[in-house]
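# Summary of the model geometry
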Amino acid sequence: MRLPKPTAAPLAGAARLLAATVRRLTPRRVRMRLTLLYGVLFVASGAVLLTITYLLVTHASSNVIVGTEGGDVSRLSRGPDSGTSVGLTEGTPPNLDAGMGNLREHAYRQHQEGLENLLVQAGIALAIMAVISIVLGWLVAGRVLRPLRTMTGTIRRISARNVHERLAVVGPADELKDLADTVDGLLGRLEVALDSHRRFVANAAHELRTPLTLEHALVEESLMDRDATVESYRSNMERLLASSRQQARLLESLLTLSSSERGLDRREAVDLADAAEQAVGIPRPDAEHRDLDVDIRIAPAPVTGDTALVERLVANLVDNAVDYNVPGGRVEITTGTRGRHAVVTVANTGPEVPPDQVERLFEPFQRLGRSAGGGHHGLGLSIVRTIATAHDAALTARARPGGGLVVEVAFPLRNDAVVPALAQM
């Protein structure tokens with residue numbers, strides 16, 4: 001008959017019970033854990049030191065010097081291994097030999113009593129120092145953790161209303177100073193993000209309030225005009241429809257900006273050349289009205305990313321180049337590869353852009369002219385930057401000396417891409 005093999009369930013249960021017991025007995029406060037650690041280390045080191053001292057005293061030799069009235073001496077020595085031995089100098093009186101046995105036994109007992117006293121006194125001293133070490137460990141741990149308590153209290157007081165406050169820890173450049181500086185850097189980034197969020201909300205509210213005000217005025221005008229005709233109603237409805245389309249574009253841009261900031265949900269093979277061809281193929285009445293010269297030079301530029309977002313990025317760059325141009329101006333669109341990057345570049349003529357204002361154009365609702373004429377809300381380039389960040393692409397922009405802007409986005413080249421040599425930019 002074969003007996004069933006023992007299972008590991010009881011052992012696993014015992015291990016879990018032991019782990020739970022250890023966690024329950026382990027102090028939760030760092031100060032208490034440091035105190036116990038300091039105390040254990042001191043007691044252990046003291047016990048090792050006393051053990052070494054005891055062993056050295058045990059194995060040390062003891063000598064007894066016996067003197068007589070005539071000046072002759074007898075030396076009684078006890079070695080570590082040979083036991084007790086007696087060495088008599090020449091000329092020792094014969095009657096001294098009779099008391100050597102008693103003297104030897106007395107020396108041995110005295111030696112043992114000294115060792116026992118040493119052991120007891122050392123144990124008492126170790127116990128006293130263990131208590132003292134725990135008290136000192138508690139004080140030292142409190143002193144070490146005091147800066148952490150101060151930083152914790154300051155961080156708890158910081159909220160969205162006073163995020164400008166900093167820990168501002170002064171002292172030597174140690175680990176605590178590095179931690180405080182790291183927290184200060186994090187608070188600085190949070191302050192910038194909160195300020196950007198507040199500006200974004202305020203600008204979005206302003207942009208949405210303008211068409212709503214216009215719509216309210218048109219509806220109110222239609223209702224109050226008792227002599228309104230069909231043509232006036234039609235005119236007001238057309239203006240309302242245009243305002244509604246403008247709001248729809250704004251909301252779509254806001255949703256695209258929000259989805260891009262969350263990151264990519266999927267990645268697929270995309271070619272910047274196809275996105276550029278599609279962007280150029282979109283009808284743009286402004287381009288024909290201004291008689292713009294569009295020059296497109298495309299070469300394969302394969303990347304990995306979200307197809308819709310990549311196409312939106314290129315379309316926004318082309319829209320920005322067309323919308324902010326001058327009559328008879330020029331738009332240049334180039335795609336290709338450079339090293340391990342797939343690059344799309346859009347350049348245009350147009351009004352002169354101050355070099356120090358180029359970076360501001362990529363912030364939401366920022367335009368060189370504050371007016372949102374022509375349905376422009378200042379979100380196009382901010383969406384471009386957000387999509388580029390989501391694809392780990394490098395975005396660079398510079399103002400052209402004669403007016404206009406040059407924007408370049410360099411995506412990481414797709415790993416399996418095989419690009420001809422002629423495609424290199």
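Going by the structure above, here's the rest.
Only a predicted model underlies this, so the values are computations on that prediction, with no experimental measurement involved.

Analysis parameters
- Every chain's residues receive numbers from 1 upward, in the order its sequence appears when written.
- Residues qualify for local features only when their pLDDT is at least 70, as the model is predicted, and side-chain atom pairs are given and counted only at 80 or more; totals for whole chains, interfaces and linings, by contrast, use all residues.
- Hydrogens and water molecules were not included; the side-chain quantities draw on all heavy atoms of the structure.
- Secondary structure elements follow DSSP: runs of H or I no shorter than four residues count as helices, runs of E no shorter than two count as strands, and numbering proceeds from the N terminus.
- Only protein chains enter the accessibility calculation, which uses a 1.4 Å probe. A residue is then buried if its area is under 20% of the maximum for its type, exposed if over 50%, and partly exposed in between.
- The Shrake-Rupley method, run with a 1.4 Å probe sphere, supplies the accessible areas, and residue values consider only the shown protein chains as cover.
- As a rule, the C-alpha atoms of each element are fitted with a line to give its axis, helices using only the stretch in contact, and angles between N-to-C directions run from 0 to 180 degrees.
- Put simply, angles under 35 degrees are roughly parallel, angles over 145 are roughly antiparallel, angles from 65 to 115 are roughly perpendicular, and the rest are oblique.
- When the near helix sits turned anticlockwise from the far one by under a right angle, the crossing is termed left-handed; a clockwise turn instead gives a right-handed crossing.
- Two residues qualify as a contact provided that any one of their heavy atoms is within 4.5 Å of a heavy atom in the partner residue.
- Residues were grouped as follows: Ala, Val, Leu, Ile, Met, Phe, Trp, Tyr, Cys and Pro as nonpolar; Asp, Glu, Lys and Arg as charged; and all remaining residues, including Gly, as polar.
- Basic side-chain nitrogens of Lys or Arg form a salt bridge, by our definition, when they fall within 4 Å of a carboxyl oxygen of Asp or Glu.
- Pairing between strands requires that DSSP locate at least two bridges from one strand to the other.
- Multiplying 1.5 Å by the residue count of a helix minus one yields the expected span of that helix.
- In the analysis that follows, any N or O atom pair within 3.5 Å is treated as a polar contact, provided that within protein one partner can donate a hydrogen and the other can accept it, and provided that, for residues neighboring in sequence, both atoms belong to side chains.
- Here a cavity is any set of points on a 1 Å grid over the protein atoms alone where a 1.4 Å probe fits but cannot get out, and a pocket is any open set with protein on both sides within 12 Å along at least 5 of 7 lines; a residue lines the site when it has an atom within 4 Å of a point.
- Grid points are joined across faces, edges and corners, and a volume is the space filled by probe spheres set on the points.
- Residue types Ala, Val, Leu, Ile, Met, Phe, Trp, Tyr and Cys, when buried and joined through side-chain atoms within 4.5 Å, form a set referred to as a nonpolar core.

## Observations regarding the overall build of the protein chain
- Scanning the protein chain from terminus to terminus reveals nine helices and 10 strands.
- Considering the protein chain as a whole, with its 425 residues, one finds that 30% of them fall into the buried category.
- Element-wise, carbon and sulfur atoms account for 59% of the exposed surface of the protein chain, whose accessible area totals about 27,200 Å².

## A word on the packing of helix 6 (residues 272–281) against helix 8 (residues 307–323)
- The N-to-C vectors of helix 6 and helix 8 enclose an angle of 50°; their axes lie 9 Å apart at closest approach. The angle between helix 6 and helix 8 places the two elements in the oblique class. In this structure, helix 6 crosses over helix 8, and the sense of that crossing is right-handed. Every residue of helix 8 that contacts helix 6 at Leu272, Ala275, Ala276, Gln278 and Ala279 is listed here: Val310, Glu311, Val314, Ala315 and Val318.
- Considered class by class, the residues forming the contact of helix 6 with helix 8 number eight nonpolar, one polar and one charged.

## Regarding unusual backbone geometry
- In this model, Ala168 sits at a positive phi of 50°, which is unusual for a non-glycine residue.
- Positionally, Ala168 belongs in the loop between helix 3 (100–157) and helix 4 (175–224).
- Phi at Asp392 is positive, roughly 55°, even though this residue is not glycine.
- According to the relative accessible area criterion, Asp392 is exposed, its value standing at 58%.

## A word on the pattern of salt bridges
- If you walk through the whole model with that rule in mind, you get nine salt bridges.
- Of the charged contacts, one joins Arg166 and Glu191 as a salt bridge, the two residues approaching to 2.7 Å between their closest N and O atoms. Within this pair, whereas Arg166 is found in the loop between helix 3 and helix 4, its partner Glu191 is found in helix 4, the two being separated by 25 residues in sequence.
- The class for Glu191 is partly exposed, based on a relative accessible area of 21%.
- Put simply, Asp295 and Arg297 hold a salt bridge, and the shortest N to O gap is 3.9 Å.
- Through salt bridges with shared partners, a single network forms among Asp293, Asp295, Arg297, Arg330 and Glu332.

## Comments concerning the sheet that holds strand 8 (residues 341–348)
- Ordered in space as 5-7-8-10-9, the five strands form an open sheet in which the pairing is mixed. Each edge of the open sheet is held by one strand with a lone partner, namely strand 5 (293–297) and strand 9 (394–399). Across the sheet, the axes of successive neighbouring strands diverge by a mean angle of 10°, strand direction being ignored.
- By the bridge criterion, five bridges tie strand 5 to strand 7 (residues 330–338) in an arrangement that is parallel. Note that in strand 7 the partner of Val294 across the bridge is Val331.
- Packing against the sheet, helix 6 makes contact with strand 5, strand 7, strand 8 and strand 10 (405–412), and its axis sits at approximately 165° to strand 7.
- Contacts from helix 8 reach strand 7, strand 8 and strand 10 within the one sheet, and its direction differs from that of strand 10 by about 170°.

## Some details on helix 8
- Between its first and last C-alpha, helix 8 extends 24 Å over 17 residues, near the 24 Å set by a 1.5 Å rise per residue.
- For helix 8, a buried count of 12 out of 17 residues is recorded, marking the element as mostly surrounded by other parts of the structure.
- Three or more residues of helix 8 are buried, namely Leu309, Val310, Leu313, Val314, Ala315, Asn316, Leu317, Val318, Asn320, Ala321, Val322 and Asp323.
- Where helix 8 begins, the side chain of Asp306 points an oxygen toward the backbone nitrogen of Ala308, at a separation of 3.0 Å.

## Description of the environment of Leu254
- Relative to the helices and strands, Leu254 resides in helix 5 (residues 230–262).
- We classify Leu254 as buried; its relative accessible area is 16%.
- Measuring from C-alpha to C-alpha, the distance between Leu254 and Ile383 comes to 8.7 Å, with 129 residues separating the pair along the chain.
- Each residue touching Leu254, except ones within four places of it in the same chain, is listed here: Phe200, Phe365 and Leu379.

## Observations concerning empty space enclosed by the protein
- Counted according to the given criterion, the structure contains two cavities of 30 Å³ or more.
- Taken as a whole, the second largest cavity holds about 40 Å³ of empty space.
- Forming the boundary of the second largest cavity are Leu317, Asn320, Ala321, Val346, Asn348, Leu381, Leu405 and Val407.
- Contributions of two or more residues to the lining of the second largest cavity are made by helix 8, strand 8 and strand 10.
- Of all the elements, helix 8 adds the most residues to the lining of the second largest cavity, at three residues.

## Some details on the environment of Ala122
- Tracing the backbone shows Ala122 in helix 3.
- Accessibility expressed as a relative area gives 13% for Ala122, which makes it buried.
- On a C-alpha basis, the gap between Ala122 and Ala47 in space is 9.0 Å, while along the polypeptide they are 75 residues apart.

## As for the nonpolar core
- Counting residues in each nonpolar core, the largest one holds 40 residues, and the members touching the most others are Leu272, Leu313, Val314, Leu317, Leu405, Val409 and Phe411.
- Per-element tally for this core: the top contributor is helix 8, with nine residues.
- Once residues within four sequence positions are removed from consideration, Leu317 is found in contact with Val346, Leu381, Val384, Val407 and Val409.
- Counting residues in each nonpolar core, the second largest holds six residues, with Ile158, Leu167, Ala180 and Val183 among its members.

## Structural notes on the side chain of Thr386
- The topology assignment puts Thr386 in helix 9 (residues 380–390).
- Of the polar contacts made by the side chain of Thr386, one reaches the backbone oxygen of Ser382; its length is 2.9 Å.

## A short note on the pairing of strand 9
- Direction of pairing for strand 9 relative to strand 10: antiparallel, over a ladder of six bridges. Pairing of Thr396 across the sheet is with Glu408, part of strand 10.
- The turn joining strand 9 and strand 10, which pair antiparallel and follow one another in sequence, is formed by five residues; a positive phi near 115° is taken by Gly403.

Read these as spatial facts, not as claims about activity.
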